[in-house]
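Understanding the architecture of this molecule
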Amino acid sequence: MYKSEQLARSIRALIENGSWQAHSKLPSLREQVQRSGFSLMTVLNAYQELEAQGLVYSKQKSGYFVAGNLATQELAHHPETSLNDHIEINSQVFNFLKAMQDEDVVPLGSAFPCSDLLYNSKLMQIIAQHAKRKRSYLNSDSMPPGNLELRKIIASRYSLQGIPTDANDIVITSGALEALNLSLQALTKAGDYILLQQNIFYGAWQAAERLGLKVITIPEHPQHGFDLASFEAALNQYPIKVCWLMLNTHNPIGFTVSNEIKFEIAKLLHEHQVYLIEDDVYQELYYGVQKPLPMKYFDQHNYVLHCSSFSKTIGMGTRIGWVHVGKFSNAIQHLQLMSTLSASTLVQHALVDFLSSHHYEKHLRQLRLQLEHNKQAFYQFLKAHLSQDCEIYYYSSGYFLWIKLPEHVNSTVLYQQLLQQRIAIAPSSLFRLDISSQNFIRINCSFDLDLSMQQALLQVIYLIQHQSDDC
Ligand SMILES: Cc1ncc(COP(=O)(O)O)c(C=O)c1O
């Protein structure tokens, strides 16, 4: 047994027999070196091992503490939650996004809907008109928190959903990514714990890596999408500062969480005084009659920062997003003025005209119908051609299919093989960090399933089969 394991065991015994109570401070690293006679590295490894097991947690500059509520968790690492404190995903995402920039690559891995369905001709006309007016470039009324008329329109869209909102609650950003990143930066400091779903948009992992945060993940619930019991266990066990969650048309899996569960999440956030950054970029891409409610609707105590954008509905090139931010408006604006300054003045002006006419609603209706049609076509095609040992997750919103491949198929290897043939898919390693269960892929189904797309899909299927045969 390694010395660090030996030390971790003896500390664990002290916690188990109640000698060290929940939230009491462990001896500092130096004290422990003196007490145990082990080296600093051995003590550090032992503490980190206990942290990974969920038995202790650390606070920046304060040291290590016994985790809370251990009695109800049988003093063991909760098998459902896991700690990720060495995140290294940025270069993988960089290479993935760079590969997608080549126009000859079939973009089945892209995060954006097919551009033919976006860039609305009426919007482009309006942008062209604004481009000729000097006033449209004056940035005095588009600097943070953003164009007032645009904020009023966005606020009224919240109010229509039963979420009373004022223009001052909104900060306009350069896409949702800036809204999400600034929110996380405003609410955390290096070394803090945040909570993510086990599978989540890679932007969340990138932000955590950049800000030096420790990430606790909870697994998805096989039926409900969100696992409330694991969520509550993680909140009890770790001093979580912020959660970053997707509950509507989850990326990459696709599920939408029920209102009952959202209500319970809001209760737990309030009880534990934990903030939630809600990524809701697919909110408009539902197929049913009603737009799903965001967590903001259930948030009676202002713990939710709701982030979204127009990237998935009228095109990511518009780079206009926002955050429903409440009392953090000033903090976010401070960070924005230090970085991007403001979102495009011209596009903000043009969006005011576009959104205040009926063009946007008409565009959204057509977009939803087209996406539903294309996703169904992909689903039927894949169901007919994929082998029985693959499982396709179909949810009626958005434009992704999440596919479980046979367990021995490594989706990153598959991604690399397909890229050599100029086809891009999104492997699960972009969304989840654990090295087990890397046999999932995300496919973008927003395209017309024409002959060349069918050939690309058949190539994907062939290589999945090929990897299976090799095993
Ligand atoms: C889940 C999710 N959140 C946020 C973003 C960023 O969106 P935007 O282009 O508005 O910055 C994306 C884009 O791919 C996404 O898929």
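All figures in this text were calculated on a predicted structure; none of them were measured in a lab. (Residues numbered from 1 in each chain as written. Predicted model: local features only at pLDDT ≥ 70, side-chain atom pairs only at ≥ 80, totals over all residues. Heavy atoms only, no water.)

Looking at the packing of helix H7 (residues 175-187) against helix H11 (residues 329-338)
- Put simply, H7 and H11 touch, their axes get as near as 9 Å, and they point 115° apart. One way to sum up the angle between H7 and H11 is to call them roughly perpendicular. In the packing of H7 onto H11, the handedness of the crossing is right-handed. Residues Glu 178, Leu 182, Ser 183, Gln 185 and Ala 186 of H7 form the contact with H11, whose participating residues are Ala 331, Ile 332, Leu 335 and Gln 336.
- Its residues assigned to classes, the contact of H7 with H11 shows 5 nonpolar, 3 polar and 1 charged. (Axes fitted to C-alpha atoms, helices over the stretch in contact; angles between N-to-C directions. Helix = DSSP H or I, 4+ residues; strand = E, 2+ residues; numbered from the N terminus. Parallel < 35°, antiparallel > 145°, perpendicular 65-115°, else oblique. Left-handed = near helix turned anticlockwise from the far one by under 90°. Contact = heavy atoms within 4.5 Å. Nonpolar A, V, L, I, M, F, W, Y, C, P; charged D, E, K, R; others polar.)

Re the site of the ligand
- By nearness alone, 16 residues border the ligand, and Ala 176, Asp 279, Tyr 282, Ser 309 and Ser 311 come closest of all.
- In the model, an oxygen atom of the ligand is placed 2.7 Å from a nitrogen or oxygen of the Ser 309 side chain.
- Here an oxygen atom of the ligand sits 2.8 Å away from a polar atom, N or O, in the side chain of Arg 319.
- A total of 390 Å² of accessible area belongs to the ligand in isolation, and the protein chains cover 97% of it.
- Structurally, the ligand is housed in the largest pocket.
- Looking at the shell around the ligand element by element, the count peaks at 4 residues for H7.
- For the shell around the ligand, the per-class residue count stands at 9 nonpolar, 4 polar and 3 charged. (Near = heavy atom within 4 Å. Polar contact = N/O pair within 3.5 Å; in protein donor to acceptor, adjacent residues only side chain to side chain. Areas by Shrake-Rupley, 256 points an atom, 1.4 Å probe, with all protein chains shown as cover. 1 Å grid on protein atoms, 1.4 Å probe; cavity = no way out; pocket = protein on both sides within 12 Å on 5 of 7 lines; lining within 4 Å. Sits in = over half its atoms within 2 Å of the grid points.)

Focus: the nonpolar core
- Core analysis: the biggest nonpolar cluster contains 118 residues, and Leu 108, Phe 231, Leu 269 and Phe 378 have the highest contact counts within it.
- Residue contacts for Phe 231: discarding those within four places in its chain leaves Leu 195, Ile 218, Phe 226, Cys 243, Ile 265, Leu 268 and Leu 269.
- Counting residues in each nonpolar core, the second largest holds 22 residues, with Ile 320, Val 352, Phe 354 and Leu 364 among its members. (Core = buried A, V, L, I, M, F, W, Y, C linked by side-chain atoms within 4.5 Å. Buried < 20%, exposed > 50% of the residue type's maximum accessible area, 1.4 Å probe, protein only.)

Re the domain arrangement of the chain
- When its domains are assigned, the chain resolves into domain 1 (3-76), domain 2 (88-115 + 361-470) and domain 3 (136-357).
- For domain 1 and domain 2, the distance between their C-alpha centres works out to 43 Å. (Domains from an automatic or database assignment.)

Some details on the confidence of the model for the chain
- Looking at the chain, the pLDDT average stands at 92 and 97% of residues meet or exceed 70.
- Predicted confidence for residues 71-77 stays below pLDDT 50, and this span has 17 contacts to residues more than four positions away or in other chains. (pLDDT = per-residue confidence, 0-100.)

Thoughts on the environment of Ala 266
- Turning to its location among the elements, Ala 266 is positioned in helix H10 (residues 259-272).
- Separated by 36 residues in sequence, Ala 266 and Asn 302 have C-alpha atoms that sit 9.6 Å apart.
- In this view, Ala 266 contacts Met 295 and Phe 298; residues no more than four positions away in its chain are not counted.

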